[in-house]
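Residues per chain, in single letters:
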Amino acid sequence: MPIIAETSPTDGNLVVYEEGTEVGWTREGVVVNETVDTKYGVGYVLGKVTATGKYKLCSPAAGDGSQVAAAIVRWPSTGDGGDFTVKAITDTRIVVSVRGEMIVSKDALRFGAGFTTQVQKDAAIAQLATLGIMSTVTV
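A brief report on the enclosed structure follows. Here the residue numbering is sequential within each chain, running from 1 through the sequence in written order. Predicted model: local features are reported for residues with pLDDT of at least 70 only, side-chain atom pairs are reported and counted for 80 or more only, and whole-chain, interface and lining totals are derived from all residues. Here the side-chain values reflect all heavy atoms present in the structure, with hydrogen atoms and water set aside.

Concerning the pairing of strand 6 (residues 69-76)
Our working rule: A simple rule labels every residue: compare its accessible area, found with a 1.4 Å probe on the protein chains alone, to the largest value its type can have, and call it buried under 20%, exposed over 50%, or partly exposed in between. The numbering of helices and of strands both runs from the N terminus, where a helix is a DSSP run of H or I of at least 4 residues and a strand a run of E of at least 2. At least two bridges found by DSSP between two strands are what make those strands a pair.
Summarising burial for strand 6: 7 of the 8 residues are buried, a large majority. When strand 6 meets strand 8 (residues 92-97), the two strands line up antiparallel, connected through 4 bridges. By the bridge assignment for strand 8, Trp75 is matched with Val95.

Written out as structure tokens, the structure is:
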């Protein structure tokens, strides 16, 4: 059967539980910077570059600090939903979750192209758990 339509995960698909939603306890506005135009959207797992403090898509093969899962994309700073593009070599502000208490749907987490095995994804999920961002399988 052909695909009629595809939708991107939404914040409602991602977040199962979030402590302090009324004050945004788990969230921060951060700067992301990529070397090439990069697709972002709700649920993408980010790493933090040690030298700059800026975030980018987490990649297990990186050696700049971004190999460690450190945040999950919630939305662009404009508050718009859906996927968006982070332009190459451009500091872009977005909203991410960087701490818990929080539970996210494992099925709504999204990983960059550097993640090629489930073992790598499980390692990133475990790294997020150390931040208090737990995950669960949703039905």
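Back to the text.
Quick look at the packing of aromatic side chains
The test is simple: Any pair of Phe, Tyr and Trp rings, taking the six-membered ring for Trp, is counted once the centres come within 6.5 Å. Such a pair is stacked with planes under 30 degrees apart, edge-to-face with planes over 60 apart, and tilted for the rest.
In the structure shown here, the tally under the stated rule is 2 aromatic pairs. Between Tyr40 and Phe84, the aromatic rings sit 5.9 Å apart at their centres with planes inclined by 45 degrees, giving tilted as the arrangement. Placement of the pair is Tyr40 in strand 3 (residues 38-40) and Phe84 in strand 7 (residues 84-86), with a sequence separation of 44 residues. The same class applies to Tyr40 as to Phe84, namely buried.

Looking at the nonpolar core
Here is the rule we go by: Definition of nonpolar core: a set of buried residues of the types Ala, Val, Leu, Ile, Met, Phe, Trp, Tyr and Cys, connected through side-chain atoms within 4.5 Å. What makes two residues a contact is simply this: any of their non-hydrogen atoms within 4.5 Å.
Of all hydrophobic cores here, the largest spans 17 residues; its most connected members are Leu14, Val45, Ile72, Val104, Leu109 and Phe111. Counting residues per element, the ones that place at least two in this core are strand 6, strand 9 (102-105) and helix 2 (118-129). Looking at this core, the element that brings in the most residues is helix 2, giving 3 residues. Setting aside anything within four residues of it in sequence, one finds Leu14 in contact with Val42, Gly43, Ile72, Val73, Arg74, Ile103, Val104, Ser105, Ala108 and Leu109. In this structure, Val32, Tyr44, Val73 and Phe84 belong to the second largest nonpolar core, which totals 15 residues.

By themselves these figures say nothing about function.
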